[in-house]
Amino acid sequence: MTVDNTFLARDLIARTEQVVGTVAHLAVDTEVTFTIDDIVDTVERGLPDGYAAPTTGDMTRRDVIAQMAQDILSGKMYDGA
């Protein structure tokens, strides 16, 4: 079975964006701070069983999600910097 890496990347970005938005709103509403690890944990818990993970390189799926979250929060995901 072939894995559509583009679909997986877009799906993981969308899932991470959703969690970032939810966590950010909660932080504003409750004045409770959060960490990137909180975002990563929430994204990971929401993934279906058997969700693909990187099979090459040194980065784990958690590393990828953490980098995505950082890029979303900083705006880098959207400005192409």
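Cut-off values and rules
Residues numbered from 1 in each chain as written. Predicted model: local features only at pLDDT ≥ 70, side-chain atom pairs only at ≥ 80, totals over all residues. Heavy atoms only, no water. Core = buried A, V, L, I, M, F, W, Y, C linked by side-chain atoms within 4.5 Å. Buried < 20%, exposed > 50% of the residue type's maximum accessible area, 1.4 Å probe, protein only. Helix = DSSP H or I, 4+ residues; strand = E, 2+ residues; numbered from the N terminus. Contact = heavy atoms within 4.5 Å. pLDDT = per-residue confidence, 0-100. Salt bridge = Lys/Arg side-chain N within 4 Å of Asp/Glu carboxyl O.

Notes on the nonpolar core
Among the nonpolar cores identified, the biggest contains 16 residues, and Leu12, Ile36, Ile39 and Val43 are the most heavily contacted of them. Elements with a minimum of two residues in this core: α1 (5-30), α2 (36-46) and α3 (61-74). If we ignore the near neighbours within four places in the chain, the residues touching Leu12 are Val43, Leu47, Tyr51, Arg61, Val64, Ile65 and Met68.

Structural notes on unusual backbone geometry
Positive phi, close to 60°, is recorded for Glu31, a residue that is not glycine. Within the secondary structure, Glu31 sits in the loop between α1 and α2. By relative accessible area, Glu31 is classed as exposed at 73%.

A look at the confidence of the model for the chain
This prediction gives the chain a mean pLDDT of 90; 94% of its residues lie at or above 70. Looking over the chain, one finds the lowest element-wise mean pLDDT in helix α4 (residues 76-79), namely 90, and the highest in α2, namely 96.

Quick word on the pattern of salt bridges
Summed over all chains, the structure comprises 3 salt bridges. The shortest N-O distance in the salt bridge between Arg15 and Asp11 comes to 2.7 Å. Here the residue Arg15 and the residue Asp11 both occupy positions in helix α1, the gap between them amounting to 4 residues, near one helical turn. According to the relative accessible area criterion, Asp11 is buried, its value standing at 18%. A salt bridge links Arg62 to Asp41, with the nearest nitrogen and oxygen atoms 2.8 Å apart. Of this pair, Arg62 sits in helix α3 while Asp41 sits in helix α2; the two residues are 21 residues apart in sequence, bridging distant segments of the chain. For Arg62, a relative accessible area of 33% corresponds to the partly exposed category.

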